[in-house]
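One-letter residues, chain by chain:
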Amino acid sequence: MSGETDRRLLTGALFLIVGFMAVEVVIGFVADSLALISDAGHMLTDAVAIVFALVAMRIAARPPRGGFTYGLKRAEIMSAQINGITLLLLSAFFVVEGVRRLIEPPQVEGAFVVATGLAGIVVNVAATWLLGKADRSSLNVEGAFQHVLNDLYAFIATTAAGVVILLTGWGRADAVAALVIAALMLHSGWRLVRDSGRVFMEAAPVGMNPAEIGRRVAALDSVVEVHDLHVWEVTSGYAALSAHILVVPGADCHAVRQAAERMVHEAYGVEHTTLQVDHAPPDLLHIGEVVSRAGDGHCADPHGPAHRRPGA
């Protein structure tokens, strides 16, 4: 699906969410329902997530220039990080306020809560459907989708609380629903902060084991050793890999590089690779030799383990 189509889908979901959020805030204060107000707060973070996603899409589409050799692709990761932190802060506020209302429950208008909750379910089903059709391989889009999906669950909890209040008059049900919503926000916020933090820290993408990749490259024909292997994400769904590969004297370095690129692309989906392939010095070929050659002029500042050919 094209980027333009994704932007249209996200914009449609944004209009639905912002319009309903404004109505919900008003009704929440009229009904004195913390559950409705916390729902509106969650919807605000949904709207912010979508706005950041739209802005980040446009920024990330700009070509590399100047000192930004990868372009501005990490703009979406910055928006995901900001969005996650906002969720964590809001969840903390609603936990404190929810506990306070458990101790001193206010008089909540159950009918308003039920009616607004049912309307919110309809709106969030529509918004979730729109976002579900976009490209969710992007951490930005996936974060916005998860926000709206969790908001749908929150409206279900709010509606249930309104029904309990109508049938039993137990006002604390509103606070309980608010705490459930806060827990959902906490879960979503932590996931966004954790996943975007991995990208900022240049950790290997989830599901990719650098040691396993090193062993598989070292097992290729003519390869003697692989070191300085790095795997990281430029942005969500865009993995990059670099490595120094030593091959037996006389081997075709170009063919080995192509074989390594093909293997990491087919097995791990890595398309951006930077591989330095050199002939190994004769003493590295001795059986039982385990000393890294990084100190012999190959790498002035080696990082990580060296992966040797099986049996070497």
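Residues numbered from 1 in each chain as written. Predicted model: local features only at pLDDT ≥ 70, side-chain atom pairs only at ≥ 80, totals over all residues. Heavy atoms only, no water.

Visitor: Can you explain the packing of helix 3 (residues 75-103) against helix 6 (residues 172-200)? Please cite residues and give values.
Guide: Helix-helix packing: each pair is described by the crossing angle between the helix axes and the interaxial distance. Remark: helix 3 packs on helix 6, axes separated minimally by 7 Å, with the N-to-C direction vectors making an angle of 155°. It follows from the interaxial angle that helix 3 and helix 6 lie roughly antiparallel. The two elements helix 3 and helix 6 cross, and the hand of that crossing is left-handed. (Axes fitted to C-alpha atoms, helices over the stretch in contact; angles between N-to-C directions. Helix = DSSP H or I, 4+ residues; strand = E, 2+ residues; numbered from the N terminus. Parallel < 35°, antiparallel > 145°, perpendicular 65-115°, else oblique. Left-handed = near helix turned anticlockwise from the far one by under 90°.)

Visitor: Describe the side chain of Thr273, naming the residues involved and giving the relevant values.
Guide: Looking at the secondary structure, you find Thr273 in strand 3 (residues 272-279). At 3.4 Å, the side chain of Thr273 forms a polar contact with the side chain of Glu261. (Polar contact = N/O pair within 3.5 Å; in protein donor to acceptor, adjacent residues only side chain to side chain.)

Visitor: With reference to specific residues and values, describe the pairing of strand 3.
Guide: One ladder, built from 8 bridges, connects strand 2 (residues 238-247) with strand 3; its direction is parallel. Bridged to Ala240 within strand 3 is His272. Note on the crossover from strand 2 through helix 8 (residues 253-268) to strand 3: the handedness is right-handed. (Pairing = 2+ DSSP bridges. Right-handed = clockwise from strand over helix to strand, strands pointing away.)

Visitor: Run through the nonpolar core, naming residues and quoting values.
Guide: By size, the foremost hydrophobic cluster in this structure holds 27 residues, and its most contacted members are Leu10, Ala13, Ile17, Met43, Ile50 and Leu131. Mapped by element, the contributors of at least two residues to this core are helix 1 (3-31), helix 2 (34-60), helix 4 (110-132) and helix 5 (139-168). Ranked by the residues each element gives to this core, the list is headed by helix 2, at 8 residues. Of all hydrophobic cores here, the second largest spans 25 residues; its members include Met208, Val217, Leu241 and Ala243. (Core = buried A, V, L, I, M, F, W, Y, C linked by side-chain atoms within 4.5 Å. Buried < 20%, exposed > 50% of the residue type's maximum accessible area, 1.4 Å probe, protein only.)

Visitor: Describe in detail the sheet that holds strand 1 (residues 223-235), supporting the description with residues and values.
Guide: Taken in spatial order, the 4 strands of this open sheet run 3-2-1-4, and their pairing is mixed. The open sheet is flanked by strand 3 and strand 4 (307-308), the only strands paired with a single partner. Its contacts with the sheet place helix 8 against strand 1, strand 2 and strand 3, and it is angled at close to 145° to strand 3. (Contact = heavy atoms within 4.5 Å.)

Visitor: Explain helix 6 residue by residue, including any values.
Guide: In this model helix 6 runs 42 Å from its N-terminal to its C-terminal C-alpha over 29 residues, within 8% of the 42 Å that 1.5 Å per residue would give. Glu202 sits one or two residues past helix 6 and shows a positive phi near 55°. (Expected span 1.5 Å × (residues − 1).)

Visitor: Account for the pairing of strand 1, naming residues and giving values.
Guide: Within strand 1, 12 of the 13 residues are buried, which leaves it mostly tucked inside the rest of the structure. Two elements, strand 1 and strand 2, share 9 bridges in a ladder whose sense is antiparallel. When the bridges of strand 2 are listed, His230 appears paired with Ser242. The hairpin turn running from strand 1 into strand 2, its antiparallel successor, is 2 residues long, and Gly237 in that turn takes a positive phi close to 80°. As paired elements, strand 1 and strand 4 share 2 bridges and run antiparallel to each other. Note on strand 4: the bridge partner recorded for Glu225 is Arg308.

Visitor: Any details on the packing of aromatic side chains? Residues and values, ideally.
Guide: Counting across every chain of the model gives 2 aromatic pairs. Ring centres of Phe20 and Phe155 lie 5.6 Å apart, and the angle between their planes is 70°; this geometry places the pair in the edge-to-face category. Here Phe20, found in helix 1, pairs with Phe155, found in helix 5; they are 135 residues apart in sequence, far enough to count as distant. Between the aromatic rings of Phe93 and Phe94, the centroid separation amounts to 5.2 Å while the plane-to-plane angle is 65°, which identifies the pairing as edge-to-face. By relative accessible area, Phe94 is classed as buried at 3%. (Phe/Tyr/Trp six-rings, centres within 6.5 Å; stacked < 30°, edge-to-face > 60°.)

Visitor: Lay out helix 8 with the relevant residues and their values.
Guide: Helix length check: helix 8, at 16 residues, gives a terminal C-alpha distance of 22 Å against a target of 22 Å (1.5 Å per residue), a fit within 8%. Taken as a whole, helix 8 has its buried residues at Cys253, Val256, Ala260, Met263, Val264 and Tyr268. On an axial view of helix 8, the arc spanned by its buried residues comes to 90°, and they lie on one face. Buried positions along helix 8 lie against helix 7 (210-218), strand 1, strand 2 and strand 3. Sitting at the head of helix 8, Asp252 places a side-chain oxygen 3.0 Å from the backbone nitrogen of His254. (Arc of directions from axis to C-beta.)

Visitor: Describe the packing of helix 7 against helix 8, and please don't skip the residues or the numbers.
Guide: The geometry of helix 7 relative to helix 8 is characterised by a closest axis approach of 10 Å and an angle of 140° between their N-to-C directions. Relative to helix 8, helix 7 is oriented oblique. Between helix 7 and helix 8 lies a crossing whose hand is right-handed. Only Ala260, Met263, Val264, Ala267 and Tyr268 of helix 8 make contact with helix 7, whose side of the interface consists of Glu212, Ile213, Arg216 and Val217.

Visitor: Give a description of the pattern of salt bridges that names residues and reports values.
Guide: Tallied over the full model, the rule gives 6 salt bridges. In this structure, a network of salt bridges that share partners links the residues Glu97, Arg100 and Arg101. (Salt bridge = Lys/Arg side-chain N within 4 Å of Asp/Glu carboxyl O.)

The values reported here are purely geometric and, on their own, carry no functional implication.
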